[in-house]
Every structure is written in structure tokens, then in C-alpha cells.
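Structural features, examined
Chain residues, written in single-letter form:
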Protein chains: 2
Amino acid sequence: MNYFLGIDGGASKTEGVIIDKQEKLVVHIIGGPVNYHQGGEEQTAQNLEKVIKDALSQANFKMDDIAFAVLGVAGRDTKEDEIILDKLAQNLLDGSFKNKVKVVSDVEIAFASSVTCDYGIVLISGTGANCFAKGKNGKVAWAGNWGWLLGDQGSGFALGLGALQAVMRDFDSRGEKTILSELILNNLHLDRADQLGHWVYRKEIPVKEIAGLAPLVFEAHKKQDKVAQDLVNKLVAEMTLSIKTVVAKTSLVSEEFEIGLVGGIFKEELVIKLLEQKIKQVAPKARIVLPKMEPAMAAAILAKKEAL
Amino acid sequence: MNYFLGIDGGASKTEGVIIDKQEKLVVHIIGGPVNYHQGGEEQTAQNLEKVIKDALSQANFKMDDIAFAVLGVAGRDTKEDEIILDKLAQNLLDGSFKNKVKVVSDVEIAFASSVTCDYGIVLISGTGANCFAKGKNGKVAWAGNWGWLLGDQGSGFALGLGALQAVMRDFDSRGEKTILSELILNNLHLDRADQLGHWVYRKEIPVKEIAGLAPLVFEAHKKQDKVAQDLVNKLVAEMTLSIKTVVAKTSLVSEEFEIGLVGGIFKEELVIKLLEQKIKQVAPKARIVLPKMEPAMAAAILAKKEAL
């Protein structure tokens with residue numbers, strides 16, 4: 001009972017770690033996706049069990065060696081999600097984790113991976129977007145986390161889609177000329193913009209691949225492309241709006257607190273710089289921080305806290 | 001050889017008509033969809049053959065009774081589409097239509113169904129959007145026809161999606177309060193906005209159903225809802241931009257010409273009224289007209305012209 005399990009379960013892969021009492025890493029395992037909205041409950045349970053079994057087996061541990069497990073999973077957004085996923089977790093491995101497992105949202109482990117205090121904000125921007133705050137009063141709030149079509153306006157997908165739409169507007173002359181047209185067509189090995197339809201409209205819309213175009217927007221921005229600059233400014237404005245919204249909901253506005261920036265879009269320093277300027281207007285005493293550890297590790301440390 | 005066949009082939013259904021020399025309707029048949037981007041070439045050919053055979057059989061005609069056929073089909077947008085669909089048409093019914101069949105875009109038959117002259121503009125707004133112009137000089141131009149994700153900003157889908165995004169912004173307080181939230185949740189029999197994700201993210205995104213929310217936006221507009229008013233103004237601005245773009249490309253700006261409005265969104269008089277005001281700025285002598293006949297009938301009349 002001296003070890004702690006943390007899971008970071010996403011829509012494309014799952015990471016699992018086991019740590020000891022000194023928070024030292026024992027094993028690190030990668031497995032299949034666990035967003036039950038996409039893969040269903042059965043596949044989610046199977047993939048979670050596989051990661052846990054693999055981790056135990058690699059460490060040469062039995063179930064009893066684990067004092068507590070925290071599973072941070074994507075797609076845990078509504079009350080219905082909470083009920084379904086809690087039940088799923090209690091039944092994992094024939095119920096042998098019962099009473100020593102807790103399911104949290106992937107955004108909560110992202111929070112724990114970056115923000116030092118009990119209160120603060122985490123802003124996620126990768127393929128999707130999310131903004132989560134905990135107030136000093138214990139109140140929590142979310143903004144902007146509704147998936148690629150309904151929300152996620154501050155995400156890599158939103159930036160990539162905006163770029164594709166700008167290319168079509170350039171092509172048929174509804175919009176300004178932009179070097180994004182050349183950059184994107186070259187990147188996708190296409191000759192003309194009207195071939196982009198074939199690339200986009202597939203059985204399953206290539207959400208991740210569209211988000212993967214984001215670096216081209218930053219490239220165009222650095223080349224002073226006006227269309228790219230507008231797209232990046234819009235992205236940062238949406239991020240700022242999400243922060244402003246959760247700051248108000250959790251009464252953090254005049255507090256000193258940390259805003260953790262998590263996700264691939266923050267590899268781009270330009271975004272951090274622009275966001276830092278904007279944040280001053282909505283949370284003057286806030287301070288931007290970056291992740292200190294992998295989310296799975298943060299989940300394992302949460303498990304240790306739960307066990308104590 | 002005294003009859004003419006017209007086909008209006010769409011992504012959800014196909015209509016076929018046969019007319020006589022006096023342009024009198026002989027038969028009217030409805031069949032399956034023919035957008036080959038969605039159903040593939042084989043299914044498209046099969047559905048076209050079925051509609052043609054059914055029309056001939058119902059009229060008690062042989063192939064020889066048809067002097068010419070015009071097939072107006074959705075998804076004929078690029079050079080590649082033209083080549084594939086022309087070949088497909090020549091091979092229909094074991095090649096018995098060879099040299100007496102022409103494939104055109106569905107937008108061209110929409111043009112013919114509404115615009116009286118050889119030149120002018122047709123603006124389509126249903127689930128999707130398109131804008132097509134023919135200049136006095138014979139030049140043609142398109143704008144805005146890139147499907148629900150890349151383009152179609154002046155469409156029912158764009159309006160419906162904008163409404164859903166506004167509901168999510170209302171729900172998490174990023175946006176203004178709007179009566180669209182109540183109207184849409186009631187319409188879809190949902191209790192809370194965070195249940196909309198389940199409704200939207202399906203194996204196949206419900207593009208038509210999202211477009212089907214457009215009337216609720218008009219309802220909210222009439223109740224002076226600010227968010228709905230902004231959405232409708234944006235829709236009309238996108239329509240106007242498409243018209244402005246094709247007007248410039250076909251040198252129609254100072255001409256007197258007709259703009260045909262085709263598609264479900266124009267059932268709403270509010271849109272026509274707002275658009276009429278805006279069009280004055282980009283084509284001062286243009287005149288709005290509505291369809292005079294079904295698109296399949298317009299295709300049959302084009303077939304008669306081709307045969308003469």
C-alpha cells in the first residue's frame with residue numbers, strides 16, 4: 001500500500017504512472033484512448049484496465065501495493081459523465097479498485113500539473129480548448145470547453161480552421177490575399193485551394209490534422225501576414241475572454257494567483273507574449289506559469305494526497 | 001425525339017422531369033441522392049439511372065423519345081469533378097445517352113430557374129450556400145461554395161451553428177444572454193445546454209439538422225433578441241460579400257441585372273428585406289427575383305435549348 005497510480009486519459013492516448021511515497025517515478029506506461037464519448041464505455045474500461053495492468057506488471061506489483069489511484073479523463077464534462085465514469089472506475093478490474101479510486105476531469109490534472117496553489121486558473125489550448133478556475137473560496141468554474149464545433153474557440157483547431165477558411169476566402173476573392181494559401185497548400189501537397197474540400201470532408205473530419213496547421217499560422221504571422229495576425233489576435237482574445245469569465249465567477253479578479261498554460265499551442269512564445277499583455281486587463285495581479293510535470297504525474301501526486 | 005429530360009440531383013434527393021416541345025410537364029420522378037463526394041461514383045450512377053428509367057417507364061417512353069438530357073448535380077465544383085461526372089454521364093444506361101446528355105452544376109440550374117436573362121446572379125442559401133454569376137461578356141464566377149466547414153458562411157448551417165455557439169457562450173457566461181438558449185433547448189427536448197454536445201457530436205455531424213435551427217434564429221430576431229439580430233446581420237453581410245465578389249469578377253457592377261434567390265432561407269422575408277438594402281451598396285441597379293419553377297424543370301428547358 002505504499003504506491004500511488006496516476007492516469008492521464010485523453011482522446012488519442014492514455015498515460016499511466018506509479019510513484020512511491022517520495023513521489024519518485026516507478027513506471028510510466030502508454031495505452032489507448034479513453035474518451036468514452038468517442039470510444040464508448042466498454043472500450044474506455046478496457047483501455048484503462050490495460051494501462052493499469054501493464055503498469056502493475058512492469059513494476060512487478062500486486063493490486064494491494066497501490067494505496068490510491070486518480071484517473072484524469074477527457075470527456076468528463078456533465079453530471080451524466082460524472083455518474084457514468086465514477087461507476088466505470090469502481091467496477092474496474094472486477095471492483096478491486098473500489099474505494100481507492102477517484103475520477104477527475106483531465107482539466108483538473110492539468111491544473112495540478114501547473115498551478116502551485118489550491119486556487120488559480122488553468123488554460124488549456126491544444127487541439128481543443130478549456131479554461132478552469134478554482135477560487136480562494138473553493139468555488140470552481142469552466143469556460144469554453146464545448147468541443148471543436150460548438151466551442152473551443154481558443155484552440156489549435158479553431159486557429160487551423162480559421163486559416164483554411166481564410167484560404168478559401170483568398171481563393172474566391174471574398175477575402176484578403178494571404179501567404180497562408182501557399183503555406184497550407186505546400187504543407188498538404190495540394191495544387192489548388194479548391195482541392196481542400198477532399199482533404200477536409202472525410203468520413204471522420206480530421207480535427208487533429210486541422211489543429212496541426214496552427215504552426216503555419218504562426219509562421220505567416222512572423223512574416224507580417226495580416227490575415228494570420230488577425231487569426232492569432234482572435235485566438236488570444238478568445239483565451240482572454242475565457243479567463244475573464246472564470247475570474248469573475250470565482251471572485252479572483254483582485255487576487256494574486258497563477259494561470260497555468262497547458263497544451264501544444266503554448267509552445268509558441270508569441271501566444272504567451274500576446275496573452276500576457278491581455279491578461280493584465282482582466283486579472284492585473286495574475287502570473288503566467290507553465291507545467292512543472294506531466295499530467296499523469298500530477299494525477300499520481302493527487303492520488304498520494306487522497307490516500308493521506 | 002420530341003421530349004426533354006431534366007435532372008436536379010442533390011445530396012439528399014434527386015428530381016427528374018420530362019417535358020414536351022411546348023415545355024409541358026409529362027412526368028415528375030423523385031429518386032435517391034447523387035452527390036458523388038458523399039455516395040461515390042457507383043451509387044451516383046445507379047441513382048441517376050434509376051430516376052431516368054423510372055421517368056421513361058412512367059411516361060411509357062423509349063430512350064429514343066428523349067432528344068436531350070441536362071443533369072444538374074451537386075458536388076460538381078472542381079475540374080476533377082467535371083471530368084469524372086462527364087464520363088459518368090456518357091456511360092449511363094450502357095452509353096445510350098452518349099452525345100445527348102450534358103452535366104451542369106446544380107447552381108446553374110438554380111440560375112436558370114430564377115434569372116430570366118443570360119446574365120445575372122443566383123444566390124443559394126439552404127443547408128449550404130453558393131453564389132454564381134454570369135456576366136454580359138459570358139464570364140462566370142463563383143463565391144462562397146466550400147461546404148459547411150470551410151465556407152458556406154451565408155447558409156442555414158452557418159446560422160444554426162452560430163446559434164448553437166451563442167447558446168454555449170450564454171451557458172458559460174462568455175457571451176450575452178439570449179432567448180435562443182430557451183428556444184433551441186425546447187426545440188431539441190433538452191434540459192441543459194451542456195447536453196448539446198451529445199446532440200451535435202455524432203458519427204456523422206447533423207449538418208442538415210443544425211441548418212434546421214435557422215427558423216428559431218428568425219423567431220428570436222423578431223422578439224428583438226440582440227444575439228439573434230447579430231447572427232442574421234452576419235448572414236446577410238456574408239451573402240452581400242459573395243454578391244459583391246462575383247459582381248466584380250463579371251463586370252456587372254453598373255449593369256441592370258437580376259439576382260435570383262434560391263433555397264429555404266429565403267422563405268424568410270426578413271432576410272430578403274435586409275439583403276435588398278445591402279445589395280443597393282454593391283450592385284445599385286440589380287433587382288431581386290425568386291424562382292419561377294422547380295430546378296428540374298429548368299434543367300429540362302436547358303435540355304430543350306441544347307437540342308435545338
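Predicted model, so just to flag it, every value in this text is computed and none were measured. (Residues numbered from 1 in each chain as written. Chains lettered and ligands numbered in written order. Predicted model: local features only at pLDDT ≥ 70, side-chain atom pairs only at ≥ 80, totals over all residues. Heavy atoms only, no water.)

1. Considerations on the sheet that holds strand S7 (residues 129-134) of chain B
Residue and element names in this part refer to chain B.
- Reading across the sheet, the 5 strands line up as S8-S7-S6-S9-S10 and stay open at both edges, with mixed pairing between neighbours. This sheet does not close on itself; its edge strands, each paired only once, are strand S8 (140-143) and strand S10 (286-289). Taken over all neighbouring pairs, the strand axes of this sheet differ in orientation by 20° on average, direction set aside.
- Across the face of the sheet, helix H4 (residues 106-114) comes into contact with strand S6 (120-125), S7, S8, strand S9 (257-262) and S10 while running at roughly 115° to S6. (Pairing = 2+ DSSP bridges. Helix = DSSP H or I, 4+ residues; strand = E, 2+ residues; numbered from the N terminus. Axes fitted to C-alpha atoms, helices over the stretch in contact; angles between N-to-C directions. Contact = heavy atoms within 4.5 Å.)

2. Description of the relation of the copies chain B and chain A
- Between chain B and chain A, which share one sequence, the superposing operator has a rotation angle of 180° and an axial displacement of 0.0 Å; the RMSD is 0.1 Å. On the angle and the small slide along the axis, the relation comes out as a two-fold axis. Judged by C-alpha distance, B:Glu204 is the residue of chain B that lies nearest the rotation axis, at 3.8 Å. (Least-squares fit on C-alpha atoms with pLDDT ≥ 70 in both.)

3. Digging into the interface of chain B and chain A
- Taken together, the contacts link 39 residues of chain B with 40 residues of chain A.
- Both faces considered, chain B and chain A share a buried interface measuring about 3400 Å² in area, 58% of it formed by carbon and sulfur atoms.
- Here chain B and chain A share 4 salt bridges between them.
- The closest approach of N and O atoms between B:Arg192 and A:Glu80, which form a salt bridge, is 3.0 Å.
- At the level of secondary structure, the elements contributing two or more residues to the side of chain B that touches chain A comprise helix H2 (79-90), S8, helix H5 (147-150), helix H6 (156-171), helix H8 (196-200) and helix H11 (226-249) of chain B.
- Among the elements that line the side of chain B that touches chain A, the one with the most residues is H6(B), at 6 residues.
- Across the side of chain B that touches chain A, the residue classes tally to 16 nonpolar, 12 polar and 11 charged. (Buried area = accessible area lost by both parts, 1.4 Å probe. Salt bridge = Lys/Arg side-chain N within 4 Å of Asp/Glu carboxyl O. Nonpolar A, V, L, I, M, F, W, Y, C, P; charged D, E, K, R; others polar.)

4. Describing helix H13 (residues 295-307) of chain B
All names here are of chain B.
- Here H13 is 13 residues long and its end C-alpha atoms lie 18 Å apart, about the 18 Å a rise of 1.5 Å per residue gives.
- Where H13 is concerned, the buried positions are Pro295, Ala296, Met297, Ala298, Ala299, Ala300, Ile301, Ala303 and Lys304.
- Looking at the buried side of H13, the elements it contacts are strand S1 (3-9), strand S2 (14-19), strand S3 (25-31), strand S4 (66-73) and H4. (Expected span 1.5 Å × (residues − 1). Buried < 20%, exposed > 50% of the residue type's maximum accessible area, 1.4 Å probe, protein only.)

5. Thoughts on the pattern of salt bridges
Residue and element names in this part refer to chain B.
- All told, the structure shown has 30 salt bridges over all chains when counted by the stated rule.
- A salt bridge links Lys304 to Glu23, with the shortest nitrogen-to-oxygen separation between them at 3.1 Å. In this pair, Lys304 is assigned in helix H13 and Glu23 in the loop between S2 and S3, connecting sequence segments 281 residues apart.
- Lys222 is the salt-bridge partner of Glu268, the closest N and O atoms lying 2.7 Å from each other. With Glu268 in the loop between S9 and helix H12 (269-282) and Lys222 in helix H10 (residues 214-222), this pair connects stretches of sequence that are 46 residues apart.
- On the accessibility criterion, Glu268 (15% relative accessible area) is buried.

6. Description of the sheet that holds strand S8 (residues 140-143) of chain A
All names here are of chain A.
- The 5 strands are arranged S8-S7-S6-S9-S10 in an open sheet whose pairing can be described as mixed. The two strands at the open ends of the sheet, each matched to only one other strand, are S8 and strand S10 (286-289). Each adjacent strand pair in this sheet contributes to an overall mean axis angle of 20°, direction not counted.
- Bridge count for strand S9 (residues 257-262) against S10 is 4 bridges, and the pairing is parallel. Its bridge partner being in S10, Phe257 is matched across the sheet by Ala286.
- Against the sheet, helix H4 (residues 106-114) contacts strand S6 (120-125), strand S7 (129-134), S8, S9 and S10, and its axis sits at roughly 115° relative to S6.

7. Brief notes about the side chain of B:His221
All names here are of chain B.
- Relative to the helices and strands, His221 resides in helix H10.
- Residue classification places His221 among the buried positions, given a relative accessible area of 13%.
- The contact partners of His221, leaving out residues within four places of it in the chain, are Ala228, Gln229, Val232 and Leu270.

8. Concerning the packing of aromatic side chains
- Scanning the model with the defined rule gives 12 aromatic pairs over all chains in all.
- Judged by centre distance (5.7 Å) and plane angle (80°), the ring pair of B:Phe111 and B:Phe132 falls under edge-to-face. Note that B:Phe111 is positioned in helix H4 and B:Phe132 in strand S7, a separation of 21 residues in sequence.
- Taken together through their ring pairs, the aromatic side chains of A:Phe111, A:Phe132 and A:Trp142 make up a single cluster.
- Across the ring face of A:Trp199, the terminal group of A:Arg202 is positioned such that the distance to the ring centre comes to 5.2 Å. (Phe/Tyr/Trp six-rings, centres within 6.5 Å; stacked < 30°, edge-to-face > 60°. Lys NZ or Arg CZ within 6 Å of the ring centre and 35° of its normal.)

9. Observations regarding the domain arrangement of chain A
Residue and element names in this part refer to chain A.
- According to the domain assignment, chain A contains domain 1 (3-112 + 294-307) and domain 2 (117-291).
- If you average the C-alpha positions of domain 1 and of domain 2, the two centres end up 28 Å apart.
- Taken together, the contact pairs 7 residues of domain 1 with 14 residues of domain 2.
- Both sides of the domain 1 and domain 2 interface together cover about 800 Å² of buried area, and 71% of this is carbon and sulfur.
- The largest per-residue losses of area from domain 1 upon contact with domain 2 belong to Val107, Ala110 and Phe111, which jointly make up 67% of the total buried on that side.
- Viewed at the interface, domain 2 and domain 1 are joined by 0 salt bridges.
- Connecting domain 1 to domain 2 are 1 residue pair in polar contact (both at pLDDT 80 or more).
- Considering only residue class, the side of domain 1 that touches domain 2 consists of 4 nonpolar, 1 polar and 2 charged. (Domains from an automatic or database assignment. Polar contact = N/O pair within 3.5 Å; in protein donor to acceptor, adjacent residues only side chain to side chain.)

10. Looking at the state of the cysteines
Residue and element names in this part refer to chain A.
- For the structure shown, the criterion picks out 0 disulfides over all chains.
- Take Cys131: it sits in no disulfide, and the sulfur closest to it among the cysteines is that of Cys117, at 16 Å.
- A relative accessible area of 0% means that Cys131 is categorised as buried. (Disulfide = S-S within 2.5 Å.)

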